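Letter by letter, the chains look like this.
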Amino acid sequence: AQSVTQPDIHITVSEGASLELRCNYSYGATPYLFWYVQSPGQGLQLLLKYFSGDTLVQGIKGFEAEFKRSQSSFNLRKPSVHWSDAAEYFCAVGGGGYNKLIFGAGTRLAVHP
Amino acid sequence: DTAVSQTPKYLVTQMGNDKSIKCEQNLGHDTMYWYKQDSKKFLKIMFSYNNKELIINETVPNRFSPKSPDKAHLNLHINSLELGDSAVYFCASSRYQETQYFGPGTRLLVL
């Protein structure tokens, strides 16, 4: 069965520190992988996506993610976190006939000044 | 210009009522979706339409009925609302099998 696991429910980092949010997936075929961010009371904004090709993908707001097929992972990274990055982050896997997105449970990021 | 818009943004109603949520996209996409986000922030797909044809219909009570009058619009009608229907409902759109773009959400509270 298709699934996405985000092991960390809450993460707190200091402003300026580096960040890594973990995502593991289970998917029968070649996955399409996504990271979305949701600020409080807002909709979901696409940060980055992986369909094929280079396994290190760059996104908006200075985020990047690396697809590791052998580990079934698609971890999100940022070298220096800003206070405005505080939000909920969702990893999702899609693809197949109708591109149904399966979301992880989300990781809530808090940023300390 | 808003790419994917939803109305209303907030909806507070009594149990047993019938309500509709509307979604419109101006991205020229041919596929639209409804997702439900529960109180624990968990997101789950409900329905998807491609060129006005229903292509995804997850295990959703038949009190929920989507309707797509054209490729740019997807509405969600909910009959006999229950307390458990309280959630945030997100509309999304995409080109077929491509990246999905989400609307701002409709926050439904059933009292």
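Given the structure is predicted, the values throughout are model-derived calculations rather than measurements.

Caption draft 1: Layout of the interface of chain A and chain B. Listed by partner, the interface residues are 23 residues for chain A and 21 residues for chain B. If you look at where chain A meets chain B, you find 1 salt bridge. The closest approach of N and O atoms between Lys100 of chain A and Glu58 of chain B, which form a salt bridge, is 3.3 Å. The interface formed by chain A and chain B contains 5 residue pairs in polar contact (both at pLDDT 80 or more). Counting residues per element, the ones that place at least two in the side of chain A that touches chain B are β5 (32-38), β6 (44-50) and β10 (87-94) of chain A.

Caption draft 2: Geometry of the side chain of Ser73 of chain A. Residues and elements named next belong to chain A. Its location among the elements puts Ser73 in strand β9 (residues 73-78). Classification of Ser73 by relative accessible area gives buried; the value is 3%. Filtering out sequence-adjacent residues up to four positions away, Ser73 remains in contact with Cys23, Asn24, Tyr25, Glu66, Phe67 and Lys68.

Caption draft 3: Main features of the environment of Tyr96 of chain B. Structurally, the position occupied by Tyr96 of chain B is in the loop between β9 (87-94) and β10 (101-102). For the pair formed by Tyr96 of chain B and Leu27 of chain B, sequence separation is 69 residues and the distance between their alpha carbons is 13 Å.

Caption draft 4: Examining the packing of aromatic side chains more closely. Within the structure shown, the criterion is met by 16 aromatic pairs over all chains. Ring geometry for Phe34 of chain A versus Phe51 of chain A: centroids 5.7 Å apart, planes at 80°, classification edge-to-face. On the criterion of sequence distance, the pair formed by Phe34 of chain A in strand β5 and Phe51 of chain A in the loop between β6 and β7 (56-58) is long-range, its members being 17 residues apart. By the ring-pair criterion, three or more aromatic residues cluster together here, those being Tyr32, Phe34, Tyr36, Phe51, Phe90 and Phe103 of chain A together with Tyr33, Tyr35, Phe90 and Phe102 of chain B.

How each quantity is defined
- Residues numbered from 1 in each chain as written.
- Chains lettered and ligands numbered in written order.
- Predicted model: local features only at pLDDT ≥ 70, side-chain atom pairs only at ≥ 80, totals over all residues.
- Heavy atoms only, no water.
- Contact = heavy atoms within 4.5 Å.
- Salt bridge = Lys/Arg side-chain N within 4 Å of Asp/Glu carboxyl O.
- Polar contact = N/O pair within 3.5 Å; in protein donor to acceptor, adjacent residues only side chain to side chain.
- Helix = DSSP H or I, 4+ residues; strand = E, 2+ residues; numbered from the N terminus.
- Buried < 20%, exposed > 50% of the residue type's maximum accessible area, 1.4 Å probe, protein only.
- Phe/Tyr/Trp six-rings, centres within 6.5 Å; stacked < 30°, edge-to-face > 60°.

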